[in-house]
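Listed below, chain by chain, are the residues.
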Amino acid sequence: AQEPAVTGPTELPFPDTVDVRSGPDVAHELLSLLPLLGEWHGEGQAAGGSGDHRFGQWLRFAHDGRGFLAYESRTWRLTDEGERAGADVRESGFWRPRGEDDVELLVAGADGLVEM
């Protein structure tokens, strides 16, 4: 059987950006959310039905010039010693400003949960 060709990332005609210095202008309605724009990572402690555990998390807030932020999050479990123990929660969605003081958050998780 022939193996598929390996290619690099696809270049999109209207890519998202996490940088206000490049790409499309930031929509006016996003100005209050501007501090979120970027990629973030860190560690934390979670409590839940499966017990307390340490985790690592990566977040990305990006825009394409329209009036919403695209949101991605990936978490992974950590051992008590801080070693990576496996992938955990993954979700994506949108932060959509609604008026001066409200933001609507739409999130879909890989486990099938969709929240608004």
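Criteria and thresholds
Residues numbered from 1 in each chain as written. Predicted model: local features only at pLDDT ≥ 70, side-chain atom pairs only at ≥ 80, totals over all residues. Heavy atoms only, no water. Phe/Tyr/Trp six-rings, centres within 6.5 Å; stacked < 30°, edge-to-face > 60°. Helix = DSSP H or I, 4+ residues; strand = E, 2+ residues; numbered from the N terminus. Buried < 20%, exposed > 50% of the residue type's maximum accessible area, 1.4 Å probe, protein only. Patch = residues over 30% accessible without salt bridge, like charges linked within 9 Å, V, L, I, M, F, W, Y side chains within 5 Å. Areas by Shrake-Rupley, 256 points an atom, 1.4 Å probe, with all protein chains shown as cover. Salt bridge = Lys/Arg side-chain N within 4 Å of Asp/Glu carboxyl O.

Student: Break down the packing of aromatic side chains for me, with residues and values.
Tutor: Tallying each qualifying case throughout the model produces 4 aromatic pairs. Between Phe 61 and Trp 95, the aromatic rings sit 5.4 Å apart at their centres with planes inclined by 80 degrees, giving edge-to-face as the arrangement. Pair noted here: Phe 61 is in strand S2 (residues 53-62) and Trp 95 is in strand S4 (residues 84-98), with a separation of 34 residues, a long-range link. Note on Phe 61: relative accessible area 5%, which makes it buried. Feature note: the residues Phe 61, Tyr 71 and Trp 95 constitute an aromatic cluster, connected by ring pairs.

Student: Which residues make up a nonpolar patch on the surface, and what values do they have?
Tutor: On the surface, a nonpolar cluster with roughly 230 Å² of combined accessible area is contributed by Val 20, Leu 31 and Leu 34. Positionally, Val 20 belongs in the segment before strand S1 (38-46). Look at Val 20 and you get partly exposed, because its relative accessible area is 46%.

Student: Tell me about the environment of Gly 99, and name the residues and values.
Tutor: Tracing the sequence through the fold places Gly 99 in the loop between S4 and strand S5 (102-109). Between the C-alpha atom of Gly 99 and that of Glu 29, which follows or precedes it by 70 residues, the distance is 8.2 Å.

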